[in-house]
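# Reading the structure
Take a look at the letters that make up each chain.
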Amino acid sequence: MFQSFFPKPKLFFLSFALWALVCVLGWYLAVQDLGNTLSLGSLFGVHFPETLAEGADAAAQAAFQSTQETALTIWLYQYMAACYGIFIGVWMIYGGQKWGKWSVLGSGIIIFTTWFSVQLSVMINDWYGSFYNLIQKALSAPNSITIGEYFSQLYTFSSIAAISITVAVLKNFFVSHYVFRWRTSMTEYYSSKWQQVRHIEGASQRIQEDTMRFASILEGLGVRLISSVMTLLAFLPVLWGLSSYVKELPFIGEVPQALVFTALFWSIIGTTLLAVAGIKLPGLEFKNQRVEAAYRKELVYGEDNENRAEPPTLNELFNHVRKNYFTLYFNYLYFNVVRYGYLQAGVLVPLIALGPSIVAGVITFGLFQQINNAFNQVENSFQYLVNSWTTIVELLSIYKRLKAFEAAIDDQSLPTEDQNFMET
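Residues numbered from 1 in each chain as written. Predicted model: local features only at pLDDT ≥ 70, side-chain atom pairs only at ≥ 80, totals over all residues. Heavy atoms only, no water.

### Here's the deal with the nonpolar core
The criterion, for reference: Nonpolar cores are built from buried Ala, Val, Leu, Ile, Met, Phe, Trp, Tyr and Cys residues. Side-chain atoms within 4.5 Å join them into one set. Accessibility here uses a 1.4 Å probe with only protein chains present; expressed as a share of the type maximum, an area under 20% marks a residue as buried, one over 50% as exposed, and anything in between as partly exposed. Here a strand is any run of E in DSSP of at least two residues, a helix any run of H or I of at least four, and the numbering for each starts at the N terminus. Note on definitions: a residue-residue contact is assigned when non-hydrogen atoms from the two residues lie within 4.5 Å.
With 39 residues, the main nonpolar core has Leu-239, Leu-259, Leu-354 and Ile-371 as its most contacted residues. Looking at this core, the elements with two or more residues in it are helix 1 (9-29), helix 3 (58-94), helix 4 (100-140), helix 7 (203-242), helix 8 (258-277), helix 10 (311-353) and helix 12 (365-382). Broken down by element, this core gets its largest block of residues, 7 residues, from helix 3. If near-sequence neighbours (up to four positions away) are discounted, Leu-239 is found in contact with Leu-259, Val-260, Ala-263, Ile-371, Ala-374, Phe-375 and Val-378.

Okay, structure coming up:
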């Protein structure tokens, strides 16, 4: 599943995790302060501002802050490009894998564009504050803003959205090719070992269908996991700063960093509830594929052999299918009650948390929109398992089936569930 596509998979993924940690810590601990010396932004007219004089007025402070943020963002892009370039370059040189250009370089492109999309989300969150504060100002005092100011804000949003849409479309196009290459690598590998795996129940389906589904699902889950981590890293400081406007929570009272506490607490509750409610689903999904494969195989044999696919045999096999599906439906019934109930209740959580601050009038409308959006971003990042649970269940089922292939290839004993469904 992995060795056919990635160079030295365990070392590759471990080195990526460690390198990502080093790069993130390096940025926050030291590198961001080196931008004034190392940044190439000056080549494009983007300079770090001179130190602000003491007693500067509000306008000067705002201009300094804006220039500083722009220069720091450009420096961050340079740093991230260097980090990706070093990692990809080392593995492209020393990986020695047939599919290295796709697995190493392709993974780097996907992760970089995912990070860039998160940065665009942060920009839109900042836009929420200025735009909705402008709306509040206009509604409170008629003609206090000009139509030019209003449309300028809309133009800013449109520009960010246009870039975001372009990146998303191009990334999805690239990911489609990436997944197909991964599927191709697995198909080539398993096909070369056909004589060792052909006796396993549903062998043809596993090569033809499961390889495609495994690559597609795992890539999707991986991108969402990386996106969740990057979103958390980007929005947690934002929510941390915005928490200074929320001093207390209903029914609890004063809580330090109340918004961060609420997002974390609510996400832990959801993850725990979904894990308990869906604990039986992976096994049922796996069993479902086995009984379907047994039923389908008997039908295929019946096309060429009149002594196969007799009605009593088909009825017995289909009863297994029916029984497993009904059990699966029942388990999904209470799982979905918990899942959808939790997600709908989650809509009210930030509104409840902001209740005292709204009543006291200590936040503006723009600040409310910023807090609400940042809270949802952080909460969704914490809820990765909640939002991906059903997909993870499907992936585990496919993983178990493909592991049987690899067990046969490595001359290991098959799992008990596969031994019961081998061809006799």
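### Regarding the UniProt feature "transmembrane region" (unreviewed entry) in the protein
For clarity, the threshold we go by: UniProt positions are given in the numbering used here, feature names are shortened, and annotations may be inferred rather than shown by experiment.
When the UniProt feature table is mapped to this numbering, "transmembrane region" (unreviewed entry) covers residues 12-30, 74-95, 102-124, 154-174, 221-246, 258-279, 325-342 and 348-368. Secondary structure content for residues 102-124 is 100% helix and 0% strand, while the C-alpha to C-alpha distance between its ends is 32 Å. Spanning residues 221-246, this segment combines 85% helix with 0% strand, and its end C-alpha atoms are found 34 Å apart.

### Side note on the packing of aromatic side chains
Basically, it comes down to this: The criterion for an aromatic pair is that two Phe, Tyr or Trp rings (for Trp, the six-membered ring) have centres within 6.5 Å, with stacked assigned to planes under 30 degrees apart, edge-to-face to planes over 60 apart and tilted to the rest.
For the coordinates displayed, the defined rule picks out 34 aromatic pairs. Here Trp-127 and Phe-131 contribute two aromatic rings whose centre-to-centre distance is 4.6 Å and whose plane-to-plane angle is 10°, an arrangement assigned as stacked. With a gap of 4 residues between them, Trp-127 and Phe-131 both fall in helix 4, about one helical turn apart. Note on Phe-131: relative accessible area 8%, which makes it buried. Members of the aromatic cluster, joined through ring pairs, are Phe-5, Phe-6, Phe-12, Phe-13, Phe-16, Phe-87, Trp-91, Trp-99, Tyr-178 and Trp-182.

### Notes on the side chain of Gln-369
Mapped onto the secondary structure, Gln-369 falls in helix 12. In this structure, Gln-369 is in contact with Tyr-128 and Tyr-132, ignoring residues within four places of it in sequence.

### Brief notes about a nonpolar patch on the surface
Here is the rule: Patches were defined on residues exceeding 30% relative accessible area and lacking a salt bridge, with like-charge contacts within 9 Å and nonpolar side-chain contacts (Val, Leu, Ile, Met, Phe, Trp, Tyr) within 5 Å. For every accessible area listed, the method is Shrake-Rupley and the probe measures 1.4 Å; residues are considered covered only by the protein chains on display. By definition here, a salt bridge exists when the distance from a side-chain nitrogen of Lys or Arg to a carboxyl oxygen of Asp or Glu is within 4 Å.
A grouping of Phe-251, Ile-252, Phe-261, Phe-265, Val-347, Leu-348, Leu-351 and Ile-352 is seen on the molecular surface, where their side chains present a nonpolar patch of about 870 Å² in accessible area. When contributions to the nonpolar patch are tallied by element, the ones reaching two or more residues are helix 8 and helix 10. A per-element tally of the nonpolar patch places helix 10 first, with 4 residues. The residue Ile-352 is located in helix 10 in this model. Given the relative accessible area of 46%, Ile-352 is considered partly exposed.

### What to know about the packing of helix 1 against helix 3
We count it as follows: Every axis corresponds to a line fitted to the C-alpha atoms, with the helix fit spanning only the stretch in contact, and the corresponding angles, defined between N-to-C directions, vary from 0 to 180 degrees. The cut-offs work like this: below 35 degrees is roughly parallel, past 145 is roughly antiparallel, 65 to 115 is roughly perpendicular, and the gaps in between are oblique. Should the near helix be turned anticlockwise from the far one by less than a right angle, the crossing is termed left-handed; should it be turned clockwise, right-handed. When residues are sorted by character, Ala, Val, Leu, Ile, Met, Phe, Trp, Tyr, Cys and Pro go into the nonpolar class, Asp, Glu, Lys and Arg into the charged class, and all the rest, Gly among them, into the polar class.
Two elements in contact, helix 1 and helix 3, have axes separated by 11 Å at closest approach and are oriented at 155°. Comparing the axis directions of helix 1 and helix 3 gives the class roughly antiparallel. Crossing of helix 1 against helix 3: the hand is right-handed. Between helix 1 and helix 3, the contacting residues are Leu-11, Phe-12, Ser-15, Phe-16, Trp-19, Val-22, Cys-23, Gly-26 and Trp-27 on the first element and Leu-72, Trp-75, Leu-76, Tyr-79, Cys-83, Ile-86, Phe-87 and Trp-91 on the second. For the contact of helix 1 with helix 3, the class distribution of residues is 15 nonpolar, 2 polar and no charged.

### Some details on unusual backbone geometry
Not every positive phi belongs to a glycine, and Lys-8 is a case in point at roughly 45°. Inspection of the secondary structure puts Lys-8 in the segment before helix 1. Relative accessible area serves as the criterion here: at 48%, Lys-8 is assigned to the partly exposed category.

### Overview of helix 5 (residues 147-192)
What counts here: To estimate the expected span of a helix, count its residues, drop one, and scale the result by 1.5 Å.
Over its 46 residues, helix 5 runs 68 Å from end to end, which matches the ideal 68 Å to within 8%, given 1.5 Å per residue. Listed as buried for helix 5 are Gln-153, Ile-160, Ala-161, Val-167, Lys-171, Val-175, Tyr-178, Val-179, Trp-182, Ser-185, Met-186 and Tyr-190.

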